[in-house]
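Chain and residue survey
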Amino acid sequence: MGSPIPDAHKPELPAEQIILTYHDGTSRTVYDTGIERAYPDGKLIVSRTDLNGVITHVNDAFVEISGYHVDELIGQQHYILRHPDMPKAAYKDLWDTAAAGQKWHGYVKNLCKDGSHYWVYATVVPNIRRGETVGYTSVRRKPSRSKIEAAMAQYAQMKQNEEG
């Protein structure tokens, strides 16, 4: 397991302060400015993790949109990007599907280092070496606006259910 992720730096812009608690029991303070970053046209955002969700590889597009430096990402839990609007059940489905050796597709709202966010259409696949799953690769594409709107409504409902 990597070391606990440090709290996010408070951005210059007005932002909501939120404490997120992750599946492994660690917590972190993050900030949400509500500002959306446009997905970069014509680019794929790629990352790989080990079996525990620790980032082992990121491509340049990932670094660019997330606002983190490569050395701030490698060795960290992938949930460093978790946006507070994302329901826990969405990640549980992703990890359960990938751990079962299946391909997962879905819409994800990610949190950038500066408190802004971006939406992706993610495909997560297990990395298999000599018959054993050794980690996971996620490839993100630009999502359509209508799919983002549908995901926002679905995720808001799921968040209400988990807090209710």
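The following refers to the structure shown.

Procedures and definitions
- Residues numbered from 1 in each chain as written.
- Predicted model: local features only at pLDDT ≥ 70, side-chain atom pairs only at ≥ 80, totals over all residues.
- Heavy atoms only, no water.
- Salt bridge = Lys/Arg side-chain N within 4 Å of Asp/Glu carboxyl O.
- Helix = DSSP H or I, 4+ residues; strand = E, 2+ residues; numbered from the N terminus.
- Buried < 20%, exposed > 50% of the residue type's maximum accessible area, 1.4 Å probe, protein only.
- Pairing = 2+ DSSP bridges.
- Axes fitted to C-alpha atoms, helices over the stretch in contact; angles between N-to-C directions.
- Contact = heavy atoms within 4.5 Å.

If you walk through the whole model with that rule in mind, you get 9 salt bridges. With its nearest N and O atoms 3.3 Å apart, the salt bridge here joins Lys 43 to Glu 64. Residue Lys 43 is located in the loop between β2 (27-32) and β3 (45-49), and its partner Glu 64 is located in helix α1 (residues 60-66); the two are separated by 21 residues in the primary sequence. Glu 64 sits in the exposed class, given a relative accessible area of 52%. Beyond isolated ion pairs, a larger network of salt bridges with shared partners links Glu 36, Arg 145 and Glu 149.

This part covers the pairing of β3. With 4 of 5 residues buried, β3 lies mostly within the body of the structure. Here 5 bridges tie β3 to strand β7 (residues 132-141), and the two strands are oriented antiparallel to one another. Looking at the pairing, Ser 47 lines up with Ser 138 of β7. Sheet topology places β3 next to strand β4 (residues 55-58); 3 bridges connect them, and they run antiparallel. Paired with Thr 49 across the strands is Ile 55, a residue of β4. Linking β3 back to β4 in an antiparallel pair, the connection comprises 5 residues, with Gly 53 at a positive phi of about 85°.

Strand order in the open sheet formed by 5 strands is β4-β3-β7-β6-β5, with antiparallel pairing between adjacent strands. Unpaired on one side and paired on the other, β4 and β5 (104-111) mark the two borders of the sheet. Mean inter-strand twist for the sheet, computed between neighbouring axes without regard to direction, equals 30°. Of the strands in this sheet, β3, β5, β6 (117-129) and β7 are in contact with helix α3 (residues 88-99), which crosses β5 at around 135°.

On their own, these measurements won't tell you what the molecule is for.
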